[in-house]
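Understanding the architecture of this molecule
Listed here are the chains, written in short residue letters.
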Amino acid sequence: MTDKQKIELLKSCFNDTIWMAIRYAHGRHTYAPSMVRDAIDNFKKVFPDWNLKQDNTIEPPNEVSIDSFSLRSDYLDDLFSNDK
């Protein structure tokens, strides 16, 4: 396997699993959302032309969801905004 083929295989693995990680982490009040954000940020450093595929199941939180025990950054809907 060539280096190019290895890179393409790794990119495919990331694409095939990142959506599940986002769905799992979205809205959790743990370290999971920040880990997913870090993974995406690092992936974009290596592959700046890569774009996250839209996931319509990920919605912004409502006002009731944000309180003293949760942070806006626990929600990953902003990963899909076009202005990032």
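We now turn to the structure provided with this report. The shown structure was predicted, so the numbers you read here are calculated from the model rather than taken from an experiment. (Residues numbered from 1 in each chain as written. Predicted model: local features only at pLDDT ≥ 70, side-chain atom pairs only at ≥ 80, totals over all residues. Heavy atoms only, no water.)

1. Thoughts on the environment of Asn-56
If you trace the backbone, Asn-56 turns up in the segment after helix H2 (32-46). Separated by 47 residues in sequence, Asn-56 and Leu-9 have C-alpha atoms that sit 26 Å apart. (Helix = DSSP H or I, 4+ residues; strand = E, 2+ residues; numbered from the N terminus.)

2. Structural notes on the pattern of salt bridges
In the structure shown here, the tally under the stated rule is four salt bridges. For the salt bridge of Glu-8 with Lys-11, the shortest nitrogen-to-oxygen distance reads 3.8 Å. One end of the pair, Glu-8, and the other, Lys-11, are both in helix H1 (residues 3-25), three residues apart, so they sit about a helical turn from each other. Since its relative accessible area comes to 41%, Glu-8 is described here as partly exposed. Accessibility expressed as a relative area gives 22% for Lys-11, which makes it partly exposed. Asp-77 is paired through a salt bridge with Arg-72; the nearest N and O atoms lie 2.8 Å apart. Overall, the relative accessible area of 13% leaves Asp-77 in the buried class. (Salt bridge = Lys/Arg side-chain N within 4 Å of Asp/Glu carboxyl O. Buried < 20%, exposed > 50% of the residue type's maximum accessible area, 1.4 Å probe, protein only.)

3. Topic: the packing of H1 against H2
Look at H1 against H2: their axes get within 10 Å of each other, and the N-to-C directions meet at 155 degrees. As summarised for this structure, H1 and H2 are arranged roughly antiparallel, according to the angle between their axes. Judged by the sense of rotation from one axis to the other, the crossing of H1 with H2 is left-handed. Residues Lys-11, Phe-14, Ile-18, Ala-21, Ile-22, Tyr-24 and Ala-25 of H1 pack against Ala-32, Pro-33, Val-36, Ala-39, Ile-40 and Phe-43 of H2. Looking at side-chain class alone, the contact of H1 with H2 contains twelve nonpolar, no polar and one charged residues. (Axes fitted to C-alpha atoms, helices over the stretch in contact; angles between N-to-C directions. Parallel < 35°, antiparallel > 145°, perpendicular 65-115°, else oblique. Left-handed = near helix turned anticlockwise from the far one by under 90°. Contact = heavy atoms within 4.5 Å. Nonpolar A, V, L, I, M, F, W, Y, C, P; charged D, E, K, R; others polar.)

4. A word on H1
Given a rise of 1.5 Å per residue, 23 residues ought to cover 33 Å, and the 32 Å separating the end C-alpha atoms of H1 matches this to within 8%. Along H1, the positions that sit buried rather than exposed are Phe-14, Ile-18, Ile-22 and Ala-25. Immediately beyond the C-terminal end of H1, within one or two residues, lies Gly-27, with a positive phi of roughly 85 degrees. (Expected span 1.5 Å × (residues − 1).)

5. Here we look at the packing of aromatic side chains
All told, the structure shown has four aromatic pairs when counted by the stated rule. With 5.1 Å between their ring centres and 75 degrees between their planes, Phe-43 and Trp-50 make a pair best called edge-to-face. For the residue pair Phe-43 and Trp-50, the accessibility class agrees, reading buried in each case. Of the aromatic side chains, those joined through ring pairs into one cluster are Phe-14, Phe-43, Phe-47 and Trp-50. Over the aromatic face of Tyr-24 sits the side chain of Arg-28, whose NZ or CZ is 3.9 Å from the ring centroid. (Phe/Tyr/Trp six-rings, centres within 6.5 Å; stacked < 30°, edge-to-face > 60°. Lys NZ or Arg CZ within 6 Å of the ring centre and 35° of its normal.)

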